[in-house]
Amino acid sequence: MTTTAIPRRRVARGRTVLHVCCLAALLVMLYPLAWLLATSLKPADEVIASLNLLPGHLEWSNYTTALDGVNGVSVWRLLGNSLLIAGGAVLGNVLSCSLAAYAFARLRFRMCRPLFAFMIATIMLPHHAVLIPQYIIFNKLGLVNTYWPLILPKFLATEAFFVFLIVQFMRGLPRELEEAARIDGCGPFRSFFSIVLPLTRPALITTAIFTFIWTWNDFFTQLIYLFDPDKFTVTLALRSFVDASSQSSFGPMFAMSVIALLPIVLFFLAFQRFLVEGMANSGLKG
Amino acid sequence: MTTTDIPAPTARRSATAARRSPKRERQGAAWVFLSPWVLGATVLTLLPMAVSLYLSFTDYDLFNPPRWVGLRNYVQMFTEDPRYWRSVLTTLTYVVIAVPLQLALALAVALALKGMKRGKGFYRSAFYAPSLLGASMSVALVWRAVFNDGGTVDHLLGTGGWVNRPGWALFAVALLTVWQFGAPMVIFLAGLQQIPAELYEAAAVDGAGRWRQFVSVTVPMLSPVLFFNLVLQTIQAFQVFTPAFAISAGKGGPADSTLVYTLYLYDRGFVASHMGYASAMAWVLLFVIGAVTAVLFRTSRSWVFYTSEEER
């Protein structure tokens, strides 16, 4: 860059200004999250009374109320339901997407190119184009109001975005390893499980984390498929608060929101490196 | 590629077996690997698309068998349903506000972080966090409260609650999307880092200032990534649902001002049980997203610059 032409002092000052700007932007951006945390601890009368972010006194009972849950279903049950769905989705996506990706990235077969093009096209396909018939199919099978419609599609590699992500990653692996393995007598299955899959771990972890977070956050699919309150996920249970917007329930509502957000925050803190890099790689060549 | 020539001494099989069987085995293996995807693509994508097209020409309420009505749904949609056009207009407005703002912010922040030595990793992660959290119902509820009467925005700007004002509510939804600029930003940043420093040096030697460097080096070199972000964010924006649902309590109000396309589709199909009508809406959405993507691809030829021909 042109830094050589500019005196050092000016560069240093420019840098300070940049940091100040970034920090200011960050404060504005993080405000809604701070607001969420603060409100979850505010007594009912303080919620709208003042702009003050800090509560006058901490109302922990919001959290005990939230733990009691919604519609008589405890939060633990709701969290368990969410976890079951997200866990199933992670397993399904990692398994089915890596299998398909290996075929696209490494195996030669007839129709490889047109099928790959079709797979890419399905990334852009709006979910709503298949939503209603899928609903009808699951309805005919008697699976509406069960978790199958939420988990089963993931075992069939319907999230093409992840197939694409893993393909990109696999293409970056050296072919020599598999060629050497083949000479040693490895078939495609051995070489997939013993060589390619372990090397693809970063892409698989990215897939797993994104699947978890997206499934956890997903609202639309859960909304149409689940009816029984005791089958609800945390996200869906929060919906009950959408309808009843009385200010008095603000504290418990946002306490529950915090609880619903907690797993994502923890995932983010633990895996942010993978997340950020996985996202970065999705837009570039592998 | 040289996938089939195995050195003769190591393949201890007859000549024909060595040449043919591994190839056939690989063909077979490929289909085994692909089988879950093939099943999913057939049963959960292609078949539903066909069914949804068929249903769009019928009257169907889930309980009685579908009744063929020809183009009735489409005619009704386009000529007799003001709420439909309302939802189209709302969605287009939302896309046109949210996507450019989000991408501009993402690019600006990525440029600011690019040359940073200390703190880059921290900022990158911190700015990215809303992209993950913001998709949740939790944050959508925060948005509704903050932009409501008596909420922070009302306090600060004295504009009243945006959520209750027909002219403003959609803007609150759009801001939630703009707030999630972290995902495209991270992609921009990765793209910026792949631009060779020599290009900037050469431009500087030729006397190019910062702005000139941005226009003549950064923009063309970044154009494939810009294109990728534009296509992805546009497609996603057309399908926005959760924030509009949360902010309007699922009704698309006030005065249908946040009745985005998918919210109306949900309302027609799953609340009013007009599955045929909703299917017709889904097909129009599919068509519009396809057309918009095609137009973007078409125009991209004049402004997206690829360094290698290998790129898509």
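Residues numbered from 1 in each chain as written. Chains lettered and ligands numbered in written order. Predicted model: local features only at pLDDT ≥ 70, side-chain atom pairs only at ≥ 80, totals over all residues. Heavy atoms only, no water.

## Observations concerning the overall build of chain B
Alright, step 1. Scanning chain B for helices and strands turns up 13 helices and two strands.
Alright, step 2. The C-alpha radius of gyration of chain B comes to 26 Å, more than 25% above the 20 Å expected for a compact globule of 312 residues.
Alright, step 3. Projecting the C-alpha coordinates of chain B onto the three principal axes gives extents of approximately 80 × 65 × 35 Å.
Alright, step 4. A buried classification covers 54% of the 312 residues belonging to chain B.
Alright, step 5. By element, 64% of the accessible surface of chain B is carried by carbon and sulfur atoms, the whole surface being about 14,400 Å². (Helix = DSSP H or I, 4+ residues; strand = E, 2+ residues; numbered from the N terminus. Rg over C-alpha atoms; globule rule 2.2 N^0.38 Å. Buried < 20%, exposed > 50% of the residue type's maximum accessible area, 1.4 Å probe, protein only. Areas by Shrake-Rupley, 256 points an atom, 1.4 Å probe, with all protein chains shown as cover.)

## Describing the interface of chain B and chain A
Often, the extent of an interface is quoted as the loss of accessible area upon association of its parts.
Alright, step 1. Listed per partner, the contact involves 98 residues of chain B and 94 residues of chain A.
Alright, step 2. Buried area between chain B and chain A, both sides added, is near 9,000 Å², and the carbon and sulfur share of it is 76%.
Alright, step 3. Inspection of the chain B/chain A interface yields one salt bridge.
Alright, step 4. The tally of links from chain B across to chain A stands at nine residue pairs in polar contact (both at pLDDT 80 or more).
Alright, step 5. Looking at the side of chain B that touches chain A residue by residue, the class counts come to 67 nonpolar, 22 polar and nine charged. (Contact = heavy atoms within 4.5 Å. Buried area = accessible area lost by both parts, 1.4 Å probe. Salt bridge = Lys/Arg side-chain N within 4 Å of Asp/Glu carboxyl O. Polar contact = N/O pair within 3.5 Å; in protein donor to acceptor, adjacent residues only side chain to side chain. Nonpolar A, V, L, I, M, F, W, Y, C, P; charged D, E, K, R; others polar.)

## Here we look at the confidence of the model for chain A
Alright, step 1. Looking at chain A as a whole, the pLDDT averages 88, with 94% of positions reaching at least 70.
Alright, step 2. Per-element averaging of pLDDT across chain A places helix α12 (residues 234-243) of chain A at the bottom with 84 and helix α6 (residues 148-151) of chain A at the top with 96. (pLDDT = per-residue confidence, 0-100.)

## Brief notes about the nonpolar core
Alright, step 1. If you look at the biggest cluster of nonpolar residues, it comprises 194 residues, and the most contacted ones within it are F104(A), M256(A) and Y128(B).
Alright, step 2. Counting five residues, the second largest nonpolar core, distinct from the first, contains L125(A), A129(A), V130(A) and L286(B). (Core = buried A, V, L, I, M, F, W, Y, C linked by side-chain atoms within 4.5 Å.)

## Overview of the pattern of salt bridges
Alright, step 1. Considering all chains together, one arrives at ten salt bridges over all chains under this definition.
Alright, step 2. Residue E277(A) is joined to R273(A) by a salt bridge in which the shortest nitrogen-to-oxygen separation is 3.5 Å. Linking E277(A) with R273(A), this pair stays in helix α13 (residues 250-282), spanning four residues, or about one helical turn.
Alright, step 3. Exposure remark for E277(A): the relative accessible area of 30% places this residue in the partly exposed category.
Alright, step 4. In this structure, E80(B) and R72(B) form a salt bridge, with 3.1 Å as the shortest nitrogen-oxygen distance.

## Concerning helix α4 (residues 112-124) of chain A
All names here are of chain A.
Alright, step 1. Between its first and last C-alpha atoms α4 spans 19 Å; for 13 residues at 1.5 Å apiece the expected length is 18 Å, and the two agree.
Alright, step 2. Every buried residue of α4 is accounted for by C112, L115, F116, M119, I120 and T122. What you see down the axis of α4 is that its buried residues fit within an arc of 155 degrees, all on one side. (Expected span 1.5 Å × (residues − 1). Arc of directions from axis to C-beta.)

## Details of the packing of aromatic side chains
Alright, step 1. On inspection of all chains with the given rule, the structure shows 50 aromatic pairs over all chains.
Alright, step 2. Taking the centre distance of 6.3 Å and the plane angle of 45 degrees together, the rings of W60(A) and Y63(A) count as tilted.
Alright, step 3. A relative accessible area of 17% places Y63(A) in the buried class.
Alright, step 4. Arranged with centres 5.5 Å apart and planes meeting at 50 degrees, the rings of F267(A) and F271(A) form a pair that is tilted. Of this pair, F267(A) and F271(A) are both found in helix α13, four residues apart, which corresponds to roughly one turn of the helix.
Alright, step 5. Through pairs of rings, three or more aromatic residues link up here, namely Y135(A), F138(A), F219(A), F220(A), Y225(A), F241(B), F245(B), Y266(B) and F270(B).
Alright, step 6. Sitting over the ring of Y200(B), K114(B) keeps its end group 4.5 Å from the ring centre. (Phe/Tyr/Trp six-rings, centres within 6.5 Å; stacked < 30°, edge-to-face > 60°. Lys NZ or Arg CZ within 6 Å of the ring centre and 35° of its normal.)

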